[in-house]
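# Residue-level structural notes
Residue strings, one per chain:
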Protein chains: 2
Amino acid sequence: MSAVPGTDEAMLETGSTTDIVGYRLRRAQLSVFQRFLAAFEALDLRPAEYSALALIGDNPGRKQTEIAEILGIKRANFVALINGLEGRGLTERRAAREDRRANALYLTTDGARFLEKARAVQDDFEADCITRLGGPKARDTLLDLLGRLC
Amino acid sequence: MSAVPGTDEAMLETGSTTDIVGYRLRRAQLSVFQRFLAAFEALDLRPAEYSALALIGDNPGRKQTEIAEILGIKRANFVALINGLEGRGLTERRAAREDRRANALYLTTDGARFLEKARAVQDDFEADCITRLGGPKARDTLLDLLGRLC
DNA sequence: TATTGTTATACTCTATAACTATA
DNA sequence: TATAGTTATAGAGTATAACAATA
């Protein structure tokens, strides 16, 4: 029908649906997380697991509940996550001295080594994000704007 | 121990974990979606349902698969979503003239009225996002940066 | 053969309630 | 009483496979 190849199907009108903050935020987050999963496939590490490892590495000896809360994960759901990391020999629970109900979380020696590798992958991944955004200033602008939405 | 109230517990070191694009994106998206859910509670409408209604409103007669694909929803999962909207009398499936396998999607009269109300809520919601971001220019900057990440 | 809509199914993420052992 | 960790469970969202009807 149309004279131009590939244009037989009229384009959908999407602007009023997709040119909104929430929608774009969702699509961008899904896209970034998909690339994150691909980048961390070799290490078999998911976003929440990487965050937990990094946070424990920077704050050894903190209680499960503290780590979970910072990451926005319910303590009930954090149990399976930390079980997974512990099962791989990356983290360990030790009895907290001052409170015998609590588990203090630490990286194992293997976990610290593993985190080094993961941080290197993450640094590359972040560098790729910065390139896509158009440079470090654009990244800072994005983080600032995202912070205003929380 | 500390002289300043409320600072007995040392702050966690979070920067290296949370000052990265993926993490901030996730937190911002969760925060915005939570507010979206609250804003649309009275209409009992979720983000994906609003997007579907708005897209059908702007593109009546499109096939299920077209609408689903634009929204990034698998056609298998879109069935339950559209069943929900149809069950509420907001949309209807009609046999597509040119392809008897396909369902062409339309808003009902009630659906069109409902979408008007939903668009008004969304406009208020977007205005709130813009205010949080610091103005329309900041919003445009954000959408531009988010687009670069997809 | 390929595609549309559908069902069934499974896996992840998230949320709540309830239990235990401590505090 | 309240809190830390845990278990069980249920609800979303998402992914794939397979089927009937049609192209």
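Just above sits the structure.
Presented here is an overview of the structure given in this document. Since this is a predicted model, take the numbers as computed values, not measurements.

## Remarks on the overall build of chain A
- Tallying secondary structure elements over chain A gives 7 helices and 3 strands in all.
- For chain A, the α and β elements follow one another from N to C terminus as α-α-α-β-α-α-β-β-α-α.
- On the principal axes, the C-alpha backbone points of chain A span a range of 75 × 30 × 30 Å.
- Residues counted as buried form 45% of the 150 residues belonging to chain A.
- Considering only contacts within chain A whose residues lie at least 6 apart along the sequence, 50% involve residues at least 24 apart.
- Only carbon and sulfur atoms are counted for the fraction: they give 51% of the accessible area of chain A, which is about 8,400 Å².
- Of the charged side chains in chain A, 22 are positive and 22 negative, and the gap between their average positions amounts to 6 Å.

## Thoughts on the interface of chain B and chain A
- Counting residues at the interface gives 52 residues for chain B, matched by 53 residues for chain A.
- When chain B packs against chain A, the two sides together hide about 4,900 Å² of surface, and 64% of this comes from carbon and sulfur.
- At the boundary of chain B and chain A, one finds 0 salt bridges.
- If you look at where chain B meets chain A, you find 25 residue pairs in polar contact (both at pLDDT 80 or more).
- At the level of secondary structure, the elements contributing two or more residues to the side of chain B that touches chain A comprise α1 (15-18), α2 (21-39), α3 (47-58), α4 (64-71), α6 (109-133) and α7 (136-148) of chain B.
- Here the side of chain B that touches chain A gets 13 residues from one element, more than from any other, and that element is α2 of chain B.
- Of the residues that constitute the side of chain B that touches chain A, the class distribution is 25 nonpolar, 12 polar and 15 charged.

## What about the side chain of Arg35 of chain B?
- Take Arg35 of chain B: it is sitting in helix α2.
- Take Arg35 of chain B: its relative accessible area is 18%, and that puts it in the buried class.
- Not counting residues within four places of it along the chain, the set of residues in contact with Arg35 of chain B comprises Leu149 and Cys150 of chain A together with Phe125, Asp128 and Arg132 of chain B.

## A few points about the protein's contact with DNA strand D
- Around DNA strand D, the surrounding shell holds 18 residues, and the nearest of these are Gln64, Thr65 and Arg101 of chain A together with Asn77 and Arg100 of chain B.
- Counted by atom, the contact set of DNA strand D within 4 Å of the protein is 63% sugar and phosphate.
- The contact in question runs from a phosphate oxygen of DNA strand D to an N or O atom on the side chain of Gln64 of chain A, over 2.8 Å.
- Taking Arg93 of chain A, its side chain carries an N or O atom lying 3.0 Å from a phosphate oxygen of DNA strand D.
- Residue assignment for the surface near DNA strand D shows that the elements contributing at least two residues are α4 (64-70) and α5 (75-87) of chain A together with α5 (75-87) of chain B.
- A total of 3 residues in the surface near DNA strand D trace back to one element, the largest contributor, which is α5 of chain A.

## Points about the pattern of salt bridges
- Throughout the structure, instances matching the rule amount to 26 salt bridges over all chains.
- With its nearest N and O atoms 3.0 Å apart, the salt bridge here joins Glu92 of chain A to Arg94 of chain A.
- The exposure class of Glu92 of chain A is partly exposed, given its relative accessible area of 30%.
- Of the residues examined, Arg94 of chain A reaches a relative accessible area of 39% and is grouped as partly exposed.
- The partner of Asp128 of chain B in a salt bridge is Arg35 of chain B, with the nearest N and O atoms 4.0 Å apart. In this pair, Asp128 of chain B sits in helix α6 while Arg35 of chain B sits in helix α2, placing the two residues 93 residues apart along the sequence.
- One continuous salt-bridge network, built from bridges that share partners, spans Arg35, Asp128 and Arg132 of chain A.

## Topic: the protein's contact with DNA strand C
- Asn77 and Arg101 of chain A together with Thr65, Arg101 and Asn103 of chain B are the nearest of the 18 residues found near DNA strand C.
- For DNA strand C, the backbone portion of the atoms within 4 Å of the protein, that is sugar and phosphate, comes to 58%.
- In the environment of DNA strand C, a base nitrogen lies 3.1 Å from a nitrogen or oxygen atom belonging to the side chain of Arg75 of chain B.
- Side-chain polar atom of Arg93 of chain B to a phosphate oxygen of DNA strand C: 3.0 Å apart, as the coordinates give it.
- If you list the elements that add at least two residues to the surface near DNA strand C, you get α5 of chain A together with α4 and α5 of chain B.
- Take the surface near DNA strand C: its biggest share by element is 3 residues, from α5 of chain B.
- For the surface near DNA strand C, the class distribution of residues is 4 nonpolar, 4 polar and 10 charged.

## Notes on unusual backbone geometry
All names here are of chain A.
- Positive phi, normally seen in glycine, also occurs at Asp44, with a value near 50°.
- Here Asp44 shows up in the loop between α2 (21-39) and α3 (47-58).
- With a relative accessible area of 52%, Asp44 lands in the exposed category.

## A short note on the relation of the copies chain B and chain A
- The operation relating chain B to chain A is a screw motion whose rotation component is 180°, with 0.0 Å of axial translation and a residual RMSD of 0.0 Å. Overall, the copies show the geometry of a two-fold rotation axis. Distance from the rotation axis, computed per C-alpha, reaches its smallest value in chain B at Leu142 of chain B: 3.3 Å.
- The share of interface residues of chain B whose copies in chain A are also at the interface is 100%, consistent with both copies meeting through the same surface.

What counts, and at which threshold
Residues numbered from 1 in each chain as written. Chains lettered and ligands numbered in written order. Predicted model: local features only at pLDDT ≥ 70, side-chain atom pairs only at ≥ 80, totals over all residues. Heavy atoms only, no water. Helix = DSSP H or I, 4+ residues; strand = E, 2+ residues; numbered from the N terminus. Buried < 20%, exposed > 50% of the residue type's maximum accessible area, 1.4 Å probe, protein only. Contact = heavy atoms within 4.5 Å. Areas by Shrake-Rupley, 256 points an atom, 1.4 Å probe, with all protein chains shown as cover. Lys, Arg positive; Asp, Glu negative; His and termini not counted. Charge placed at Lys NZ, Arg CZ, Asp CG, Glu CD. Buried area = accessible area lost by both parts, 1.4 Å probe. Salt bridge = Lys/Arg side-chain N within 4 Å of Asp/Glu carboxyl O. Polar contact = N/O pair within 3.5 Å; in protein donor to acceptor, adjacent residues only side chain to side chain. Nonpolar A, V, L, I, M, F, W, Y, C, P; charged D, E, K, R; others polar. Near = heavy atom within 4 Å. Least-squares fit on C-alpha atoms with pLDDT ≥ 70 in both.

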